[in-house]
Amino acid sequence: MCQNGKSFVEITNEKVFDSLPLGIIITDQEGTIALCNKVAEELIGFKKELIEGSPLQDVIPDVTLGNGSFTRIRVRENKSFDESKIISAEVNPISDESEILGYSVVFNRHFLQTEAMPRLRSKDLDRDSDFEIADGAFKNIIGSSKRLLSALKVAAKAAKTSSTVLLQGESGTGKELVAEAIHCASKRCDGPFIKVNCPGIPADLMESELFGHEKGAFTGAIYQKIGKFELANGGTIFLDEIGELDKNLQSKLLRVLQEREFERVGGNRVLKTDVRIIAATHRNLQEMVSFGDFREDLYYRLNVVPIVLPSLRERKEDIPLLVEHFLRKLCIKLGVKSKSITKRAVESLYNYDWPGNVRELENIIERAINLAETDVIDISDLPQGITNRTSETKRPLINLEPDGELASYDDYEKAIIKVALNKYKSFNAAGKALGITHKTVAAKARRYGIIE
Ligand SMILES: Nc1ncnc2c1ncn2[C@@H]1O[C@H](COP(=O)(O)OP(=O)(O)OP(=O)(O)O)[C@@H](O)[C@H]1O
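Throughout what follows, the structure given in this document is the object of discussion. Predicted model, so just to flag it, every value in this text is computed and none were measured.

1. Considering the overall build of the protein chain
Then comes step 1: For the protein chain, the count of helices and strands is 18 helices and 17 strands.
Then comes step 2: Residues classed as buried in the protein chain amount to 32% of the 452 residues present.
Then comes step 3: In the protein chain, of all internal contacts separated by at least 6 residues, the share reaching a separation of at least 24 is 63%.

2. Section: helix H14 (residues 357-371)
Because an α-helix packs 3.6 residues into every turn, residues spaced three or four apart end up facing the same way.
Then comes step 1: Under the 1.5 Å per step criterion, the end-to-end length of H14 is 21 Å for 15 residues, consistent within 8% with the ideal 21 Å.
Then comes step 2: What H14 keeps buried is the set Asn357, Val358, Leu361, Ile364, Ile365, Ala368 and Ile369. Angular distribution of buried residues about the axis of H14 spans 140 degrees; they occupy a single face of the element. Every exposed residue of H14 that faces more than 90 degrees away from the buried side is listed here: Asn370 and Leu371.

3. So, helix H5 (residues 146-159)
Then comes step 1: When the terminal C-alpha atoms of H5 are compared, their 20 Å separation across 14 residues agrees well with the 20 Å that a helix rising 1.5 Å per residue should span.
Then comes step 2: Residues of H5 that are buried make contact with strand E7 (165-168), helix H6 (175-185) and strand E15 (305-308).

4. Details of the environment of Leu271
Then comes step 1: Counting through the fold element by element, Leu271 comes out in strand E13 (residues 271-272).
Then comes step 2: In the structure, Leu271 is positioned 60 residues away from Phe211 in sequence and 9.4 Å away in space, judged by C-alpha atoms.
Then comes step 3: Ignoring sequence-local partners within four residues, the contact set of Leu271 consists of Glu230, Glu261, Phe262, Glu263 and Arg264.

5. Regarding the site of the ligand
Then comes step 1: Residues in contact with the ligand amount to 16 residues; listed here are only the nearest, Ser171, Gly174, Lys175, Glu176 and Val358.
Then comes step 2: Of all the secondary structure elements, the ones that give two or more residues to the shell around the ligand are H6 and H14.
Then comes step 3: Split into classes, the residues belonging to the shell around the ligand amount to four nonpolar, seven polar and five charged.
Then comes step 4: Split by domain, the residues of the shell around the ligand number at least three in each of domain 2 (138-308) and domain 3 (313-388).

6. Concerning the sheet that holds strand E14 (residues 276-281)
In sheet architecture, strand pairing relies on hydrogen bonds along the backbone and comes in two forms, parallel and antiparallel.
Then comes step 1: Reading across the sheet, the five strands line up as E8-E11-E14-E7-E15 and stay open at both edges, with parallel pairing between neighbours. Pairing within the sheet leaves two strands with one partner each, and these edge strands are strand E8 (193-197) and E15. Recorded for the sheet is a direction-independent mean angle of 20 degrees between the axes of neighbouring strands.
Then comes step 2: Relative to E14, strand E11 (residues 236-240) runs parallel, the two being bridged by four bridges. Counterpart to Thr236 in the pairing with E14 is Arg276.

7. Examining the nonpolar core
Then comes step 1: Counting 50 residues, the largest nonpolar core has Ala155, Leu167, Ala181, Ile182, Ile237 and Ile278 as the members making the most contacts within it.
Then comes step 2: Per element, the largest residue contribution to this core is eight residues, and it comes from H5.
Then comes step 3: Formed by 19 residues, the second largest nonpolar core is a distinct cluster that contains Leu312, Trp354, Ile369 and Leu382.

8. Here's the deal with the pairing of E14
Then comes step 1: With six of its six residues buried, E14 lies for the most part within the structure.
Then comes step 2: On E14, burial covers both faces: Arg276, Ile278 and Ala280 on one face and Ile277, Ala279 and Thr281 on the other are all buried.
Then comes step 3: Examined bridge by bridge, E7 and E14 share four bridges and lie parallel to one another. Residue pairing for E14: Gln168 is matched across the bridge by Thr281.

How each quantity is defined
- Residues numbered from 1 in each chain as written.
- Predicted model: local features only at pLDDT ≥ 70, side-chain atom pairs only at ≥ 80, totals over all residues.
- Helix = DSSP H or I, 4+ residues; strand = E, 2+ residues; numbered from the N terminus.
- Buried ≥ 20, exposed ≤ 12 C-beta atoms within 10 Å, placed from the backbone.
- Contact = placed C-beta atoms within 7 Å.
- Expected span 1.5 Å × (residues − 1).
- Arc of directions from axis to C-beta.
- Near = placed C-beta within 6 Å.
- Nonpolar A, V, L, I, M, F, W, Y, C, P; charged D, E, K, R; others polar.
- Domains from an automatic or database assignment.
- Pairing = 2+ DSSP bridges.
- Axes fitted to C-alpha atoms, helices over the stretch in contact; angles between N-to-C directions.
- Core = buried A, V, L, I, M, F, W, Y, C linked by C-beta atoms within 7 Å.

See below:
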C-alpha cells in the first residue's frame, strides 16, 4: 500500500500509461484507436478524447498494421515546416495464443531526421511592406518567378485572416504545399491541419468521413466515428479536389460554410466547428457551375480568396532553383552523397513542357539520383521523353490521326485561345470567332498565362 491508500496496481493502471516516456497508441483488431497516452497526444498533436474511436489511419495516414512495421511520422515544430521532424513509429500486434486482439503503436521523442528547408532567396523577392514571404511558413515553397510570387503574396495575406481560400491550379503545382503554408502562417497554426482527398473516398462513405457517424448509424458502423470537420476543430481543413464532391454533399458542405455546424450521420446533436476551410481543385469550377455540376452558392462561398497557382511551364525560370532544391532534399532523403547536375541536363529540363508540374520534376530528379553512376547527373540520366523533346522539331499540337499522340485538353484550349487572340486582337472578336463570350476568352487567356 502507498501512503495515500491506493494500491500499487491502481496507481499503475491510472498513471503508468501516461507517464511512460514513449508515445503509445493501442488499437483494436480493426485498427480503431482504443487508448492513447499523453506523449502520443503531444507528438501527434491531437487530444485523445478526439481520436479514441477513430481509425488509426485517420491520425497517421501512412500506417500499416503489421508485425513490427515501421511508419515515419512528420511532426510539425513551432510555426512552420521549416524544421519539420520525422519520427518513427513501430506497430506490433497484441495477441493471445491464437488471435490478434489489437495493435500497439509506439514512438519516442527521438527524431530520425530534421528536414531543413532551403530559403527562398530574399534578393529574388519583391516585397510589400506587410508581406514577409521569406519568413516562416512559406520558406519551403521554392521559386522566384513573378507569377508564383504574386500567388504567394495573396496566400500570405489570406493567412492573416480566417477567410475561406480556393486554390486552383493543375495537378502537382503545389496546392497542398500552399494550403499547409497558409495554415502554418495563421493563428490556427497550433491546431490541426486535416486533409480530405475528395476523389479518394467512395461517395457513400464521404458523409461519415467529413461529419462522422454514431454507432449503429448504418450496417458496419460498429463504433462512433469522429469526422474530419470535428478533428479539424481549432485548425484548418483542406478539401482537395473539391470539384469531385457529389451534389448531395455539396449541400451539406454549404451548411457548414454558412452556419459552421453539422450533425454526425445517424446523430441528432448539432455540433459546432471552428475551422478555416481551404479547398483546392484542378478543374474550372466556374465552368462546372455553368454546366450545373457544381452548386453556384457553394462556389461563391468557397471562392472568397481565390488563388491560382501557375503551372510549371508558365514559370520555367524557376526550374533551376527547383532542381537545386530537389537535388539537395532528395540526396538527404535517399541517404546518398550530394550530387550536382550538368548545364545541358538543366537545359533539357527547361525545354520540357511539364504536364505533371513540380511533382513530375521532383520524381524525375529522384529517378536521376538513383540512376546516375557518378556524382554528376547528365542528360543520359533523364528519361527519353524529356531529352527527345529538346531536339524535337516543332510538331503540330493537334494530330487527329488514329495513332497520333494526344495533348491534354488544356494544351489544346491554350493553343486555340492564343491563335484566336493573335488573329483577332480583341477578346470580343476572338470570342465571336470561337463561339464563346469575351469574358470567357479573357478568363482563359489569364488562366493560361497568355495575358497578365
Ligand atoms: N514551389 C514548390 N517548391 C517546392 N516543392 C514543391 C513546389 N510546388 C510543389 N512542390 C512539391 O511537388 C509535389 C506536389 O505538390 P502538391 O501535392 O502540393 O501539389 P498539388 O497541386 O496539391 O497536386 P494535386 O492536385 O495532384 O494534389 C510535392 O512533393 C510538393 O512538395
